[in-house]
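# Observations on the model geometry
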Amino acid sequence: MSTKVIESLSIATLVGIVLRWAVSFHPYSGANKPPMFGDYEAQRHWQEITLNLPVHAWYTNSSDNDLLYWGLDYPPLTAYHSYLNGLLASYLNPDFVALFTSRGYEGYDHKLFMRYTVLFVDLLVFIPAAFFYARTSKTVYRHRVASKIDFLALMTYPGLILIDHGHFQYNNASLGFFVTAVGALATKRDCMGAIFFSCALNYKQMELYHALPFFFYLLGRCTKENSFAEAVVKLCSIGGSVVLVFLVVWSPYLRTLESLTQVVKRVFPVGRGLFEDKVASVWCSLSVVVKLREILDNSQMALLCLVTTAILCLPSCINLFRHVTFTHFKYSLVNVSLIFFLFSFHVHEKSILLVAVPACMLFSSEPFMVCWFLSVTVFSMVPLLDKDGLFLPSLSLCVLWVLVYEVAASHCKSLNLKSVIADGRTGVDAALRRWGTALVCVSALCCAVLVLAFKCIHPPSRYPDLFAVLIALASCAHFCFFAVYFHFRQFSLQTNKKHAEKKR
Amino acid sequence: MFTNYQFLRIVAGISCVKLLFLPCYYSTDFEVHRNWLAITHSLPINQWYVDTTSEWTLDYPPLFAWFEWLLAKVAVFFDPAMLHVESLNYSSSMTVLFQRLSVIVTDLLFAWSARLCCLEVGRRYGVGLVEPVFVLLVCNCGLLLVDHIHFQYNGFLMGFLFLTYARMLQGRNVEATLWFSVLLCLKHIYLYMAPALLVYMLRSHCLHRLPGAGKVLWKVSIKAMVQLAVPAVAVAAAAFGPFVMLGQTGQVLSRLFPFKRGLSHAYWAPNFWALYNAADKFLAVAGRRSGWYTPRNVTTSSTAGLVQELEHEVLPPVLPAATFIITALSMMPVLVWLWRNPYKPWCAVRASVVCTFCSYMFAWHVHEKAILLVILPLSLLCVQEQFEARTFLLTSIVGHFSLFPLLFTAHETPLKISLWLLYTLLCWRMLSLHWYPMDHHRLFHHGLPNIPLTSLPQTLYLLGLLPLLLLQVLSLPSLPFLPLLLTSLYCGLGLSWAFISYYWQLLHLDSDRSKTA
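It should be emphasised that the depicted structure is a prediction, and the values quoted were computed from it without experimental measurement. (Residues numbered from 1 in each chain as written. Chains lettered and ligands numbered in written order. Predicted model: local features only at pLDDT ≥ 70, side-chain atom pairs only at ≥ 80, totals over all residues. Heavy atoms only, no water.)

A word on the packing of aromatic side chains. The way to describe two aromatic rings as a pair is by their centre distance and the angle between their planes. Summed over the entire model, instances satisfying the criterion amount to 68 aromatic pairs over all chains. Look at B:F64 and B:Y153: their rings are 6.1 Å apart centre to centre, the planes differ by 70 degrees, and that puts the pair in the edge-to-face class. Here B:F64, found in helix α4 (residues 62–75), pairs with B:Y153, found in the loop between α7 (141–151) and α8 (154–169); they are 89 residues apart in sequence, far enough to count as distant. Judged by relative accessible area, which is 0%, B:F64 ranks as buried. Members of the aromatic cluster, each reached through a chain of ring pairs, are A:Y331, A:F341, A:F368, A:W372, A:F373, A:Y405, A:F479, A:F481, A:F482, A:Y485 and A:F486. Above the ring of A:Y69, the side-chain terminus of A:R103 is found at 4.3 Å from the ring centroid. Positioned over the ring face of B:W339 is B:R203, at 5.7 Å from the centre of the ring. (Phe/Tyr/Trp six-rings, centres within 6.5 Å; stacked < 30°, edge-to-face > 60°. Helix = DSSP H or I, 4+ residues; strand = E, 2+ residues; numbered from the N terminus. Buried < 20%, exposed > 50% of the residue type's maximum accessible area, 1.4 Å probe, protein only. Lys NZ or Arg CZ within 6 Å of the ring centre and 35° of its normal.)

This is the structure we're talking about:
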């Protein structure tokens, strides 16, 4: 790597770190809100539980471990990570993680410690993953600048910064593993990609949103082998490494079937309900008009979600299986996770991050649409962020994000960088050029009005969540539009390949 | 072409970053300014420089008091309770919001005048330079750390300084004098650079050389002098007049120039006196240990961390008058140089940088924040001559590092370090692109680090800042002031070198050969 590239990436990294740490000064979820507090207390509680109790007791209800008070509901890698954090906490100040007595512990030193743990994960997992992706994806892009622009997007995307370093979560761990896996697949290191994706999956079960594209891409890669034997060997090696990762991570819980099912029940709680709060999913939007919860019961809803999601994922997955290229894979990641977000069971607002991070990796291909899409993702999380006292940082970071896009776009323009898929789809590109700005202005105006209304106007007492629901509805409409658009882009990629083949 | 859109883009971006710093640590300067808001809002004028309800008495010139009075008019809409003189240390969330926003909004003046100066740079050196220099100015890490975290209004004041520079560069000397007078009546620290601007105005605006065979004749243009004197006197009269009439001249002056404060601040600003203090300490310790010299007995400990009179044990004691004389003498060469280079406003800018640097090095009770007065004008010069780029790089890296002890809280540590590193990288990138556009620089050359625009000794010196940083972060409980002492000393060495080398090279600058004017 030349000095200039290292300089650019270092500058982008430092910008990312400055933004992340600046957000860390702001409140976290559940600050000063007994008795349940929020995600911050949940993470602290998991440190308490994993440090003080033996491994097999982490997921089981007992007198020491009240599962109703923030019981562990992520796979074991999160638990191991909490254990390490708990060790560090007990070394710094045992009061942070003392069993029972540390419930609701808050303070300057504790906040600093917790914020540092998130930054460490960024420094150790997410940022190196982004670096790795920038390096490996360079070979796939026509221009080297493109991978740097994707890296910049990963560093400055507001949603991840606000949720991890503001609201407080460790999405950067699972998403870091995910980005590493994608980077590995860029240079055809399929086993490595499979291993890292399994790690991501074992950190947060929501990574299942990305599982189908990985599966179909790797299966497709196997079919591209020269002989049947080689394909089987490859399939077995990939499958074997995945199984191995799962075995290693779940080993403490494989002794009895009961312990295994207990963990699985905690990680996949079917009893929870269709959606929480006001989410920008289709079912939430539909239930404004049609009270779905009254018509169907939980298990029927779950079945409906499963079937719709499965059917709607098929087009993108089949397309990916037929055209096994890295670009198809990236589009498929966005498309499948977006379908999951819109149609699956028990979706949380924060799940949009699973769509946003793959979209960041498409930033250099489609700066304009991805910038718009990512801004809408932040807009969709405004009610959640406002509840945490993060409204002002959200606004600042969103404006900064648009400016980052401006800089990246003008940089691309000055280098005469055409997007990867610009050839052949002049119809859509021309339409975008003509109507894109107008569409964005209408969208931005609508979002701005809704946000202002949400912040400044008191909703009528009959509908106390009126504006939050309106924001969810507007976001859902946007997301459906983007789902259609990105699907269209994925399906139109094949023309390029034919073009490229013809040229040869 | 530096369009309005590009300008707005950068200003919006940096303002968004500043908004993120709202809940950060703020120093006692926050309470200082809240108190001044309260004094100017709630008390009559005759009490402004007399009131001592709070320990943070008004010690800026009257125009700044009027500025606070104006701000207070807006503050009423945020939280009227902050404007009561008795509400000491009042810091409700609305107070913090108002104060922080006031700094961000008044910074827009700095952005505007910085743009004017950058356009002048572009006019002479190419329009491609306008945006990079503008970014270096408005995103200056020192301003972010001092104004938007520690809490001060330096950006606003720099706005007036850069406006002075802009008008000077545009040849509008009368306006320049007006703005500089306003600046002096806002914060008298800018007296540091007054001699340079005075000499420039006298020589280039008031004196005309008459052509004559053999002997050179000068003609003092009385009209020009009056042109300059009128705005200066008018501003001074408007500012100080009311207090002179109230008979409070002495009181105001004693507030503005509190010479009781001591040679060095609690944390020694990294100037010549820091080196002097350190040498004195070293000699005293060495003298006691070896027995060859018994130092004078002193009652106060200079490392105790309180602002008090510093007494030297071995070296001669330093009096305020002595520092004044030394500062004045050190400025002489550059003032003579400026006199010999008339009608060149950029030379005036350079001379003002040197004068400020001289004052920083030798004056009485210098605050480490004063290094910003050197770094910011140097940002305008760093694209003009290579030695200025080198000086700028060294001064900004070491100068901004020397500001770290101001933000000593644990949570701010990663922020100040990453801001400093980011700004350093940006400067390096921008300057090496400008000065070595064709070079594909390798980071290591023959096994040694090879960083553009810094020589090897300088690179090693700069790398030495990193262990010092580690020492600051891991403060030792047994020697709590050791990191501060070492920081003063180490930065003092670097800044002294930057000062001497810049001064030397400036005096040897052939300003006719270069594009300077």
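A separate point is helix α14 (residues 298–322) of chain A. Residue and element names in this part refer to chain A. Here α14 spans 36 Å end to end across 25 residues, near enough to the 36 Å set by a 1.5 Å rise per residue. The sharpest bend along α14 reaches about 40 degrees and sits at L314, with the proline P315 one to four residues further on. For α14, the complete set of buried residues consists of M301, A302, C305, T308, T309, C313, S316, C317, N319 and L320. Structurally, α14 contributes buried residues whose contacts are with α9 (211–223), α12 (282–289), α13 (292–295), α15 (326–343) and α21 (466–491). (Expected span 1.5 Å × (residues − 1). Bend = angle between axes of the 7 residues up to and from the residue. Contact = heavy atoms within 4.5 Å.)

What follows is about the side chain of B:S352. Residues and elements named next belong to chain B. With respect to the element layout, S352 can be found in helix α15 (residues 345–362). A distance of 2.7 Å separates polar atoms of two side chains, one belonging to S352 and the other to Y165. Ignoring sequence-local partners within four residues, the contact set of S352 consists of Y165, M193 and A196. (Polar contact = N/O pair within 3.5 Å; in protein donor to acceptor, adjacent residues only side chain to side chain.)

Residues and elements named next belong to chain A. With the rule as written, the count across this model stands at zero disulfides over all chains. The structure places no disulfide on C305, whose sulfur is separated from the nearest cysteine sulfur, that of C284, by 12 Å. Look at C305 and you get buried, because its relative accessible area is 1%. Just so you know, C446 is unpaired, no disulfide at all, and the nearest cysteine sulfur is the one on C447, 5.2 Å from it. (Disulfide = S-S within 2.5 Å.)

This part covers the nonpolar core. Among the nonpolar cores identified, the biggest contains 329 residues, and A:F178, A:F341, B:F134 and B:Y190 are the most heavily contacted of them. Those residues in contact with A:F341 that sit more than four places away from it in its chain are A:Y209, A:V279, A:A280, A:S281, A:V347, A:H348, A:E349, A:S351, A:I352, A:V355 and A:F479. (Core = buried A, V, L, I, M, F, W, Y, C linked by side-chain atoms within 4.5 Å.)

Where interface size is given, it is often the accessible area lost as the parts come together that is meant. At the junction of the two partners, chain A supplies 31 residues and chain B supplies 31 residues. Between chain A and chain B, roughly 2800 Å² of surface is buried when both sides are summed, and carbon and sulfur atoms account for 74% of that area. The interface formed by chain A and chain B contains two salt bridges. Joining chain A to chain B, the criterion identifies seven residue pairs in polar contact (both at pLDDT 80 or more). For the side of chain A that touches chain B, the secondary structure elements donating two or more residues are α1 (3–24), α4 (108–137) and α19 (391–414) of chain A. The biggest single contributor to the side of chain A that touches chain B is α1(A), with 15 residues. Across the side of chain A that touches chain B, the residue classes tally to 19 nonpolar, seven polar and five charged. (Buried area = accessible area lost by both parts, 1.4 Å probe. Salt bridge = Lys/Arg side-chain N within 4 Å of Asp/Glu carboxyl O. Nonpolar A, V, L, I, M, F, W, Y, C, P; charged D, E, K, R; others polar.)

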